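Take a look at the letters that make up each chain.
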Amino acid sequence: MDSKLMRGMVIIVALALCACSPVAPWQRGTLAKASMAVEPTPMQTQLSEHTHGSREAAAASTSASGGGCGCY
């Protein structure tokens, strides 16, 4: 292999390993908060998507359907 390619691969692996750090037990409570979730309020988002889909009759990527009157 080329020396520059090998050196580049070693640098990339070293940087990737530096990104992995252990989490102390007293820090896990902070990471488990609802604000750290990808979707902090999944029920509210689901309700908003349903409302948008039924009111606008725009069921593009969701399973909501309706004629714009708000009924199922």
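As the structure is a computational prediction, the values presented were derived from the model and not from experiment.

Trainee: Just to check I follow, could you spell out the overall build of the chain for this structure?
Mentor: For the chain, the count of helices and strands is three helices and zero strands. Seen in sequence order, the chain has helices and strands lined up from the N terminus as α-α-α. For the chain, with 72 residues in total, the buried portion stands at 6%. Of the accessible surface of the chain, which amounts to about 6200 Å², a share of 64% is contributed by carbon and sulfur atoms.

Trainee: Looking at this model, I keep getting lost on a nonpolar patch on the surface. Mind explaining?
Mentor: Together, V23, L31 and M36 line one region of the surface with nonpolar side chains, adding up to about 260 Å² of accessible area. Within the secondary structure, M36 sits in the loop between α2 (28-31) and α3 (42-56).

Trainee: Can you walk me through the environment of V23 in this structure?
Mentor: The topology assignment puts V23 in the loop between α1 (3-19) and α2. Judged by its relative accessible area of 31%, V23 falls in the partly exposed class. Setting aside residues no more than four positions away along its own chain, V23 makes contact with R28 and L31.

What counts and how
- Residues numbered from 1 in each chain as written.
- Predicted model: local features only at pLDDT ≥ 70, side-chain atom pairs only at ≥ 80, totals over all residues.
- Heavy atoms only, no water.
- Helix = DSSP H or I, 4+ residues; strand = E, 2+ residues; numbered from the N terminus.
- Buried < 20%, exposed > 50% of the residue type's maximum accessible area, 1.4 Å probe, protein only.
- Areas by Shrake-Rupley, 256 points an atom, 1.4 Å probe, with all protein chains shown as cover.
- Patch = residues over 30% accessible without salt bridge, like charges linked within 9 Å, V, L, I, M, F, W, Y side chains within 5 Å.
- Salt bridge = Lys/Arg side-chain N within 4 Å of Asp/Glu carboxyl O.
- Contact = heavy atoms within 4.5 Å.

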